[in-house]
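A look at the structure
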Amino acid sequence: MKNKLILALTILPLFAAAQNNNKLWYNKPAKVWTEALPLGNGRLGAMVFGRVDHELIQLNEGTLWSGGPVKHNVNPGAFGFLQQTRDALKEENYTKAAGLARKIQGVYSESFEPLGDVMISQQFKSKEPSAYYRELDIHDAITTTRFTMDGTEFTRQLFVSAPDQVIVMRFTSNITGQLNFKVSTKSLLKYQNDVVNDGEIAMKGRAPFHVDPNYVRYNKQPVIYQDSLTGKQGMRYVLLIKAIGNGTITSDTSGISVQNGSDVTLFLSAATSFNGFDKSPDKEGKDEVKLATQYLDAATLKNWQTLFNNHLTDYHKYYDRVSFNLTAPVDNTNAILPTNERLIGYTKGAKDPELETLYYNFGRYLLISCSRPGGAAANLQGIWNDNMRPSWSSNFTTNINTQMNYWPSEMTNLSELNEPLFEQIKHLAVTGKATATEFYHANGWAVHHNSDIWALSNPVGDMKGDPKWANWSMGSPWLSQHLFTHYQFTGDKEFLKTTAYPLMKGAAEFCLSWLIEDKNGLLVTAPALSPENDFIDDKGQKGSVSVATTMDISIIWDLFTNVIEASNILETDKAFRDLIIAKREKLFPLHIGKKGNLQEWYKDWEDVDPHHRHVSHLFGLHPGREISPLTTPDFAAAAKKTLELRGDDGTGWSLAWKINFWARLMDGNHAYSLIRDLLRAAGGKTLGENYSGNGSGTYPNLFDAHPPFQIDGNFGGTAGMTELLLQSHMGEVDLLPALPDAWPSGAIKGLKARGNFEIGMVWNNHKLTTSTIKAEIGGVCKIRTMSPIKVVGLPVKSQKSTIGYLTTLQTVKGKTYQLIGE
């Protein structure tokens, strides 16, 4: 045992060798948006291009959306088509059912909008810089751009402060008086530039009243700034910029000018009139100028170092909770390359475990940067968008993408960052109750596959959308999973009682209304979809609308199971619990198809696209817990066969989901192959070399490529890598359940398991060496390992199990337990 402790101590320095997995760096400026570097504080987002003479900082504000509060009764005739759709399904006329389902659609969601651009034109004698360098330090959440021109070294640093709610950018030159630059602003939205005073300017404007999704092309005016019926307009916004420093600083309507300076700081403050999901941003909006001015005035009383220290204290309290390092090859020359070239080398086969841990850390960095208490939830692009009509409106897509954004939150020790999601769920429960009533005459609350900051919950499509995505209705039960998961990780009974359970119960009430009996007396959903996928029915006809898709029933099984457990924990609502238990027993069961795969549809049909990116019918494997090699080996084998038939190709987020699936199947090597696919250089031109990848993968700035950019793949990738090292969804703390051969030695600390256990692990030669488990709230801790373990100071023994060994501890609140592998 002594030798193993010594070995563990020799591996612990892995935690200190983190330079290559905490920085993105480049030797050239960004040419395109997916080469720029993201910063954010949960409300303000910035993309830093690092250009020399024409720097560009593209900005976002998390609440700046088109539109206003959702309208009710947008399709008064919807309910009349529900029974007709069900009748068509009973007749197995799936084409007719799809046509009728279109009649049960409402309006489209609104769009997340860009705030604007800050352009910085700097005057130089020479045309090309020397010693150019730019980086994003994700340990400190700061960008640095450094270069030499005409014998002078220039440095620009930028961070986005959460405690002070401003963007701070510092310009310095190592020779006095060499800073000469002009700061100007513009926006894709309606705007006007004004002078506030010497050294301070303002850009004021409005978002549109409505923006069609980028894929809707049938309206002559896809962007509308004023409602022709009510006169209402869109959300107001303001950006304030103030320059403080030496040299001569002046301002006019064209911007701020700095002459002969050597140390100048720009303060950027922004705000919108958003005042809640149910209030008009035009008539009932906040005073955005007052808000932005308050932030700016308070920040400019502090110097750079004070602001930066405040920022570090705030940011590190999240980021420093987890540390993950893998033993790197001695000759890891790929790791010393600029990040864009490093990605290309990795795509061509280089072994670079530090790039993998950099990607992991980057996922946590992005969540800290785009989802903070008090702000909006992370959307399809987090908090970063440069288009007025972004892909899929950069909205909240709740048939996988919004949920995937938050998969790493609990397990990577960022629990508080769920608060914006929980607030969004509360808002959806309000609008969703109206949707359930108006569209279906149902109880509870319903959410479909698209939403926005106004908590839109109706099935979108404008009666023209394809039902295979527009009419999917399982948003409320899936979102409710996050509420119960939060309780499982934290043990917060007050949250379970006052927030989670009432919302979960409302979602369950909708499901009870939505379920109907089939001819065998089983409970099914109708209409039912397997998001965005199609089948070929018994007659050889293509279809998408059917009955009792495996995804639908798996989501409902998960919700019902969580409601039952929550009711038992709270010792409340027994009558409802008993009802849910009875209904769960009658749910249409899982089926194994003729190919040995998990059946996706009500019948064992073929897929139109056998390699479709969605694998929604494996919900019960992940993120659910209905299927597991530990408890349902036959269904786990069927899930594996499904994945083999589906193939490994996919969009960025699809690759990320598959990593999680294979981790749950305890196949770390297959999961690792998908990590390499997720980290392949995305198609198109990258910095330094023309490289055409396969389209999906990772952009030069490590953003996930769907393509285009969607942030869910980043978060899903981080979650999947965590699932390889720690799982707890089956009521056990499973240490290294799917460790890939490519990670023979490593260390991780600060992860969280259900039961509020904080976990640290060191492994060597593919075996667990040491582990720490801190019991934050105490209670029974069942530990699963591949080999027996010993607990320092306790006479517990590992018991052989069907898979590995089980060790049971009765833990005490606040105590840390030391585990040693035998």
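In this text, all values refer to a predicted model and were calculated from it rather than measured experimentally.

1. Describing the pattern of salt bridges
- Across all of its chains, the model carries 31 salt bridges by this definition.
- Here Glu-92 and Lys-603 are joined by a salt bridge, their closest N and O atoms 2.8 Å apart. One end of the pair, Glu-92, is in the loop between helix 2 (82-90) and helix 3 (94-101); the other, Lys-603, is in the loop between helix 15 (574-585) and strand 26 (606-607), and 511 residues separate them in sequence.
- For Glu-92, a relative accessible area of 29% translates into the label partly exposed.
- Taking the shortest distance from any N to any O, the salt bridge between Glu-606 and Lys-595 comes out at 2.9 Å. On the criterion of sequence distance, the pair formed by Glu-606 in strand 26 and Lys-595 in the loop between helix 15 and strand 26 is long-range, its members being 11 residues apart.
- For Glu-606, a relative accessible area of 33% gives the class partly exposed.
- A cluster of three or more residues bridged by salt bridges with shared partners is formed by Lys-594, Lys-595, Asp-604 and Glu-606.

2. Some points on helix 7 (residues 353-370)
- Its 18 residues place the ends of helix 7 26 Å apart at the C-alpha level, agreeing with the 26 Å of an ideal helix rising 1.5 Å per residue.
- Burial analysis of helix 7 places 18 of its 18 residues in the buried class, which makes it a mostly covered element.

3. Concerning the side chain of Thr-642
- Tracing the backbone through its elements, the reader meets Thr-642 in helix 16 (residues 633-646).
- According to the relative accessible area criterion, Thr-642 is buried, its value standing at 4%.

4. Section: the packing of aromatic side chains
- Tallied over the entire structure, the rule returns 41 aromatic pairs.
- Both rings, one in Phe-362 and one in Phe-703, keep their centres 6.5 Å apart while their planes meet at 45 degrees; by these two values the pair is tilted. Remark: Phe-703 occurs in the loop between strand 29 (697-698) and strand 30 (704-705) and Phe-362 occurs in helix 7; sequence separation between them is 341 residues. For the pair Phe-362 and Phe-703, a shared accessibility class is recorded, and that class is buried.
- Taken together, a centroid distance of 6.2 Å and an interplanar angle of 45 degrees make the contact between Tyr-440 and Phe-510 tilted. One end of the pair, Tyr-440, is in helix 10 (residues 419-440); the other, Phe-510, is in helix 13 (residues 493-514), and 70 residues separate them in sequence.

5. A look at the nonpolar core
- One finds Tyr-365, Trp-743 and Met-761 to be the most contacted residues of the largest nonpolar core, which totals 221 residues.
- Counting residues per element, this core draws most heavily on helix 13, which supplies 11 residues.
- Apart from the residues within four sequence positions on either side, Tyr-365 is in contact with Pro-38, Leu-39, Leu-136, Ile-138, Ala-141, Tyr-315 and Tyr-319.
- Counting residues in hydrophobic clusters, the runner-up holds 16 residues, among them Val-168, Ala-299, Trp-304 and Leu-307.

6. Observations concerning the sheet that holds strand 25 (residues 542-543)
- Strand order across the open sheet formed by 3 strands is 25-24-26, with antiparallel pairing between neighbours. At either end of the open sheet lies a strand with only one pairing partner, and these are strand 25 and strand 26.
- With 2 bridges joining them, strand 24 (residues 535-536) and strand 25 adopt antiparallel strand pairing. Bridging across to strand 25, Phe-535 finds its partner in Gly-543.

7. A closer look at the side chain of Ser-480
- Within the secondary structure, Ser-480 is located in helix 12 (residues 475-490).
- Residues in contact with Ser-480, not counting those within four places in the same chain, are Trp-445, Leu-503, Met-504, Ala-507 and Leu-559.

8. Remarks on the pairing of strand 12 (residues 200-206)
- With 5 of 7 residues buried, strand 12 is to be regarded as a mostly interior element.
- Looking at chain direction, strand 11 (residues 190-197) and strand 12 are connected through 7 bridges and run antiparallel. Its bridge partner lying in strand 12, Val-195 is registered against Ile-201.
- Joining the antiparallel neighbours strand 11 and strand 12 is a turn of 2 residues, in which Gly-199 adopts a positive phi near 90 degrees.
- Where strand 12 and strand 15 (residues 236-245) come together, 7 bridges link them in antiparallel fashion. Directly across from Lys-204, in strand 15, lies its bridge partner Val-238.

9. What to know about the environment of Lys-286
- Along the chain, Lys-286 falls in the loop between strand 18 (263-272) and helix 4 (288-299).
- For Lys-286, a relative accessible area of 39% corresponds to the partly exposed category.
- With 97 residues separating them along the chain, Lys-286 and Ile-383 place their C-alpha atoms 21 Å apart.
- Sequence-distant contacts of Lys-286, that is, excluding residues within four places in its chain, are made with Arg-236, Thr-272, Ser-273, Phe-274, Asn-275 and Leu-291.

10. Some thoughts on the pairing of strand 2 (residues 37-40)
- With burial as the criterion, each face of strand 2 is covered, one bearing Leu-37 and Leu-39 and the other bearing Pro-38 and Gly-40.
- In terms of strand pairing, strand 2 meets strand 3 (residues 44-48) through 4 bridges, oriented antiparallel. Note on strand 3: the bridge partner recorded for Leu-37 is Val-48.
- Hairpin connection between strand 2 and strand 3: a loop of 3 residues separates the two successive antiparallel strands, and Gly-42 in this loop has a positive phi of roughly 90 degrees.

11. Notes on unusual backbone geometry
- For the bond from His-622 to Pro-623, the omega torsion is 10 degrees, close enough to zero to count as cis.
- Within the element layout of this structure, Pro-623 appears in the loop between strand 26 and helix 16.
- A cis amide bond links His-706 to the next residue, Pro-707, at an omega of -10 degrees.
- Structurally, Pro-707 can be placed in the loop between strand 30 and helix 19 (712-725).
- Residue Met-463 is not a glycine yet carries a positive backbone phi of 60 degrees.
- Along the polypeptide, Met-463 turns up in the loop between strand 21 (450-451) and helix 11 (467-470).

12. Some words on helix 2
- Residues of helix 2 that are buried include every one of Leu-82, Thr-85, Arg-86, Ala-88 and Leu-89, and no others. Buried residues of helix 2, seen end-on, are gathered within an arc of 160 degrees and therefore sit on one face of the element.
- Against the buried residues of helix 2 lie helix 3, helix 10, helix 13 and strand 22 (516-517).
- Taken from the residues just after helix 2, Glu-92 is the one with a positive phi, measuring 60 degrees.

13. Observations concerning the packing of helix 13 against helix 15
- Closest axis-to-axis distance for the helix 13/helix 15 pair is 12 Å, and the angle between their directions is 45 degrees. The pairing of helix 13 with helix 15 is recorded here as oblique in orientation. The crossing of helix 13 and helix 15 is left-handed. Of helix 15, the residues touching helix 13 (which contributes Tyr-501, Lys-505, Ala-508, Glu-509 and Leu-512) are Phe-576, Leu-579, Ile-580 and Lys-583.
- Counted by class, the contact of helix 13 with helix 15 contains 6 nonpolar, no polar and 3 charged residues.

14. Looking at the sheet that holds strand 33 (residues 746-753)
- Ordered in space as 19-33-34-35-40-37, the 6 strands form an open sheet in which the pairing is antiparallel. Each of the sheet's edge strands pairs with one partner strand only, and the pair in question is strand 19 (323-326) and strand 37 (789-791). Neighbour-to-neighbour, the strand axes of the sheet open up by a mean angle of 20 degrees, direction not taken into account.
- Packed on one face of the sheet, helix 7 meets strand 19 and strand 33 and runs near 165 degrees to strand 19.

15. Here we look at the confidence of the model for the chain
- Looking at the chain as a whole, its pLDDT mean stands at 95, while 96% of the residues score no less than 70.
- Overall, residues 1-18 carries pLDDT values under 50, and its contacts beyond four positions in sequence, including any with other chains, amount to 30 contacts.

Definitions and limits used
Note that residues are indexed from 1 along each chain, following the sequence as it is written. Local features are withheld for residues below a pLDDT of 70 in this predicted model, meaning they are given only at 70 or higher, and side-chain atom pairs are given and counted only at 80 or more; totals for whole chains, interfaces and linings count all residues. Excluding hydrogens and water, the side-chain figures rest on all heavy atoms present in the structure. For this document, the term salt bridge refers to a Lys or Arg side-chain nitrogen within 4 Å of an Asp or Glu carboxyl oxygen. The numbering of helices and of strands both runs from the N terminus, where a helix is a DSSP run of H or I of at least 4 residues and a strand a run of E of at least 2. Exposure categories follow from relative accessible area, calculated using a 1.4 Å probe and restricted to protein chains: below 20% of the type maximum is buried, above 50% is exposed, and the middle band is partly exposed. The length a helix should cover is 1.5 Å for every residue beyond the first. Geometry of aromatic contacts follows a simple scheme: Phe, Tyr and Trp rings, the Trp one being its six-membered ring, pair when their centres are within 6.5 Å, and the pair is stacked under 30 degrees between planes, edge-to-face over 60, tilted otherwise. As used in this record, nonpolar core signifies buried Ala, Val, Leu, Ile, Met, Phe, Trp, Tyr and Cys residues forming a set joined through side-chain atoms within 4.5 Å. Any two residues whose heavy atoms approach within 4.5 Å are treated as being in contact. In this description, strands pair whenever DSSP reports at least two bridges between them. For this quantity, the arc is that covered by the directions from the helix axis to the C-beta atoms. Lines fitted to the C-alpha atoms define the axes, with helices restricted to the stretch that makes contact. Angles between their N-to-C directions range from 0 to 180 degrees. An angle below 35 degrees is read as roughly parallel, one above 145 as roughly antiparallel, one from 65 to 115 as roughly perpendicular, and any other as oblique. Throughout, a crossing is termed right-handed when the near helix is turned clockwise from the far one, and left-handed when it is turned anticlockwise from it by less than a right angle. Nonpolar residues are Ala, Val, Leu, Ile, Met, Phe, Trp, Tyr, Cys and Pro. Charged residues are Asp, Glu, Lys and Arg, and all others, Gly as well, are polar. By definition, pLDDT measures how confident the predictor is in each residue, and it falls between 0 and 100.

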